[in-house]
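Listed here are the chains, written in short residue letters.
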Amino acid sequence: MQGAEILLQPGVFPRLLQGLWVTVWIAGVSVGVSIPVGLVVGWLMTLKNPVVRALMRIYLDFIRIMPQLALLFLAYYGFARWFDWNLDATGACVLVFILWGGAELGDLVRGALQSIPKVQYESSYVLGLSPWQTFSRVILPQAVRRLLPASVNLATRIVKTTSLAVLLGVVEVIKVGQQIIDANRFQYPSGTLWIYGVIFFMYFIVCWPLSIVARQLEKRWSHD
Amino acid sequence: MTEPAQFNTDNAVNDEAVTAFETSAPSPSSDCKGFEVRHLVKQYANADKPVLNDISFKVEHGTVLVVLGPSGSGKSTLLRTIAGLEPIQGGTISINDQVIDEGRPGTEKAGRSNRSSALRTRIGMVFQSYDLFPNKTVLGNITMAPLLVQKRDKAQVEAEALKLLDRVGLADRKDAWPHELSGGQRQRVAICRALILHPEVLLLDEITAALDPEMVREVLDVVLELAKAGQTMLIVTHEMQFARAIADHVILLDGGHIVEESHDAYAFFAHPQTERARQFLHTFEFE
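What counts and what doesn't
Starting from 1, residues in each chain are numbered consecutively following that chain's sequence as written. The order in which chains are written sets their letters, starting at A; the order in which ligands are written sets their numbers, starting at 1. Side-chain atom pairs in this predicted model are given and counted only at pLDDT of 80 or more, local residue features only at pLDDT of at least 70, and totals for whole chains, interfaces and linings cover all residues. For the side-chain quantities, the full set of heavy atoms in the structure was used; hydrogens and water were omitted. UniProt positions are given in the numbering used here, feature names are shortened, and annotations may be inferred rather than shown by experiment. The secondary structure listing takes helices from DSSP runs of H or I that are at least 4 residues long and strands from runs of E that are at least 2 residues long, numbered from the N terminus. In this analysis, axes come from line fits to C-alpha atoms, helices being fitted only over the stretch in contact, and the angle between any two N-to-C directions falls in the range 0 to 180 degrees. Working definition: roughly parallel below 35 degrees, roughly antiparallel above 145 degrees, roughly perpendicular at 65 to 115 degrees, and oblique for all remaining angles. When checking whether two residues touch, look at their non-hydrogen atoms; a contact exists if any pair is within 4.5 Å. Amino acids outside the nonpolar list (Ala, Val, Leu, Ile, Met, Phe, Trp, Tyr, Cys, Pro) and the charged list (Asp, Glu, Lys, Arg) are all regarded as polar, and Gly is one of them. DSSP-based pairing: two strands are paired if at least 2 bridges between them are found. The quantity reported as buried area is the accessible area (1.4 Å probe) lost by two parts once they are put together, taken as the sum for both. The salt bridge criterion pairs a side-chain nitrogen of Lys or Arg with a carboxyl oxygen of Asp or Glu, the two atoms within 4 Å.

### A word on the UniProt feature "transmembrane region" (unreviewed entry) in chain A
All names here are of chain A.
Here is step 1: The UniProt entry lists residues 20-46, 58-79 and 193-214 under the feature "transmembrane region" (unreviewed entry), expressed in the numbering used here.
Here is step 2: End C-alpha atoms of residues 58-79 are separated by 18 Å, and the span's content is 91% helix alongside 0% strand.
Here is step 3: Taken as a whole, residues 193-214 contains 100% helix and 0% strand, while its terminal C-alpha atoms sit 31 Å from one another.

This is how it looks when you write it as C-alpha cells:
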C-alpha cells in the first residue's frame with residue numbers, strides 16, 4: 001500500500017473529479033453533436049448524386065486515414081491560426097472529435113440504412129406514407145436499432161481518445177493526474193501508480209455503463 | 001390437371017366470416033365499373049424490349065383476376081406498376097373510369113410513379129416477402145397508415161383493426177411483435193394492414209411463395225373469404241388449384257404479352273385454347 005496515502009491528500013480527489021468533468025464534457029458534447037452530424041452524413045452517403053458521394057467518401061477517408069493526434073494538431077496549430085480563428089484547445093478537441101465521430105457514425109448510419117430490406121420502403125409507399133413518414137416512422141427506427149450497439153462502441157472510443165487533449169494543453173483528468181504526481185514527487189515517490197489507478201477506474205466508470213447499455217440493447221433487439 | 005378438390009369456394013368458407021369482411025370491403029360505387037388497364041407499357045432504361053408490352057384487361061368490381069405465367073413473364077412487374085412502385089411508359093391505369101396513372105415516356109429510370117398518397121391507398125398490395133414493420137406491434141402495423149395517411153379516428157381505427165384480426169384468426173396476437181409470429185401469421189396481418197385502408201383493388205404478389213408449405217393454407221383460406229366477400233383482387237400465384245378455385249378471370253402472360261385470357265377459370269384450366277397455355281399448365285402436372 002506504499003504511496004496510497006497520496007489519495008488522501010486534501011484536494012486530490014476533487015481535482016481529479018474536476019479533470020474527469022472536463023473529459024466527460026469534451027466527450028459528451030462531441031458525441032452529442034456527432035449524432036445529428038452522423039445522421040446527415042449517413043443520409044448523404046446513401047444519395048445517388050456522384051458529387052455528394054465523392055465528397056462524403058473523401059471526408060470519411062481523410063478522417064479515417066489521419067491519426068486523431070495529427071487532426072488535433074492540424075485543428076489547433078494549423079487551422080485556427082491560419083484562419084485567425086480564436087479557437088482554444090478544448091474547442092479544437094471538440095471540433096476534431098465531432099468531425100471524427102460524425103464521419104464514423106455517418107458510415108454506420110449508411111450501413112444501417114442500406115441494410116433495411118427494400119420491401120419496407122415498398123410497403124410504406126403502397127400504404128400511402130410520404131417519403132418523410134417512411135423515413136421517420138419505418139426506416140429510421142429500424143436503422144437506429146441496427147446501429148446502436150456499434151455507435152455506443154464509438155462513444156466509448158471517443159471518451160478514451162479525449163486523453164489526447166493533454167497534448168494540446170487541455171487540463172483534463174490525465175493532465176490533472178500528472179500535475180498531482182509532479183507536485184508530490186518527493187513526498188510520495190510511488191504515488192504514480194495510485195493516481196493512474198484511480199484515473200483508470202474513472203474511465204472505467206464512465207465507459208462501463210455504456211457497454212452494458214449496448215449489450216442490453218443488442219440482446220433485446222437481436223431478433224430483427 | 002387433376003380434379004380440384006382442395007379449394008372449393010362454396011364449402012371451404014364459413015358464411016359468418018364472409019359477412020364480417022363486408023365491412024372492410026369497399027362499398028360498391030353506383031356504376032360498379034371496376035379496375036382497368038389499357039395498353040400498358042413498361043420499359044426499363046437498359047433493356048432492348050419492354051417488360052410489359054401493350055397489356056389491356058378489365059377487372060369488374062367484386063371479381064378476382066388471377067395472373068399466371070412463367071417466371072420472367074412480367075407478372076410481378078405488372079402488379080408493381082399497378083401499385084405505382086414502377087412508373088409506366090405507356091397506357092393508362094384506371095379505377096371506375098378515373099385514370100390514376102398514365103404512361104410517360106422518359107420515366108424509364110425513375111424509381112416510382114408520382115401518384116399521390118391518397119391515390120396509392122386505393123390500391124392495396126401484399127408482397128411475397130412476409131416482412132411487417134419490425135418496430136411496430138401487430139396492431140401498430142395495421143393502424144399506422146389509417147392514422148398517419150388517412151388521419152382517421154384512433155378508437156375507430158383500432159376497433160376496425162381488431163375486427164380484421166379477429167377475422168383472420170389473430171385477435172389474441174394484437175400486441176405481439178412481428179418476430180414472434182410465423183410467416184403465415186405475418187402474411188395474414190399484412191392482409192389486414194392492406195384492408196384497413198379499404199382499397200378498391202387488392203394486389204397479391206405470390207404471397208404464399210416464400211412460406212412453409214403448412215402455412216400456405218391458412219393464408220389462402222383468408223384470401224378465399226375475401227373473394228367471397230366481394231373484394232376486387234389481382235392475384236399472382238403458383239398455387240394452381242387455388243387459382244382455379246378463386247379466379248373469375250384468368251390471364252396468362254408470357255414475354256410481356258397476354259397470351260391467353262379467359263373469363264371461365266374452369267374452362268381455362270380444363271381446355272386451354274393456346275399451345276402456350278397447355279404447355280404452361282402441363283408443367284404443374286405430375287402423372
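### Here's the deal with the packing of helix α1 (residues 12-45) of chain A against helix α2 (residues 50-65) of chain A
All names here are of chain A.
Here is step 1: Put simply, α1 and α2 touch, their axes get as near as 9 Å, and they point 130° apart. Looking at the two axes, α1 sits oblique to α2. Residues Val-41, Leu-44 and Met-45 of α1 form the contact with α2, whose own contacting residues are Val-52, Arg-53, Met-56, Tyr-59 and Leu-60.
Here is step 2: Partitioning the contact of α1 with α2 into residue classes produces seven nonpolar, no polar and one charged.

### A short note on the sheet that holds strand β10 (residues 257-262) of chain B
Residue and element names in this part refer to chain B.
Here is step 1: Here we have six strands laid out as an open sheet, ordered β6-β7-β8-β3-β9-β10, and mixed in their pairing. With partners counted over all chains shown, the strands left at the sheet margins are β6 (123-126) and β10, one partner each. Neighbour-to-neighbour, the strand axes of this sheet turn through a mean angle of 20°, independent of strand direction.
Here is step 2: In this sheet, strand β9 (residues 249-254) lies alongside strand β3 (residues 64-68) in parallel orientation, the contact comprising four bridges. By the bridge assignment, Leu-65 is partnered in β9 with His-249.
Here is step 3: Packing against the sheet, helix α2 (residues 75-83) makes contact with β3, β6, β7 (201-205), β8 (233-236) and β9, and its axis sits at approximately 145° to β7.

### As for the environment of Ile-123 of chain B
Here is step 1: On the secondary structure map, Ile-123 of chain B appears in strand β6.
Here is step 2: Separated by 27 residues in the primary sequence, Ile-123 of chain B and Gln-150 of chain B place their C-alpha atoms 14 Å from one another.
Here is step 3: Beyond its immediate chain neighbours, meaning those up to four positions away, Ile-123 of chain B contacts Val-126 of chain A together with Phe-35, Ile-82, Ala-83, Ile-95, Ile-100, Arg-115, Pro-199, Val-201 and Leu-203 of chain B.

### A short note on the interface of chain A and chain B
Here is step 1: Across the contact, 20 residues belong to chain A and 29 residues belong to chain B.
Here is step 2: Counting the surface lost from both chain A and chain B, the interface buries some 2,200 Å², and carbon and sulfur atoms represent 61% of this.
Here is step 3: Broken down residue by residue, the surface that chain A buries against chain B is led by Tyr-125, Val-126 and Leu-127 of chain A, which jointly contribute 34%.
Here is step 4: The interface formed by chain A and chain B contains one salt bridge.
Here is step 5: Residue Arg-80 of chain B pairs with Glu-122 of chain A through a salt bridge whose shortest N-O separation is 2.8 Å.

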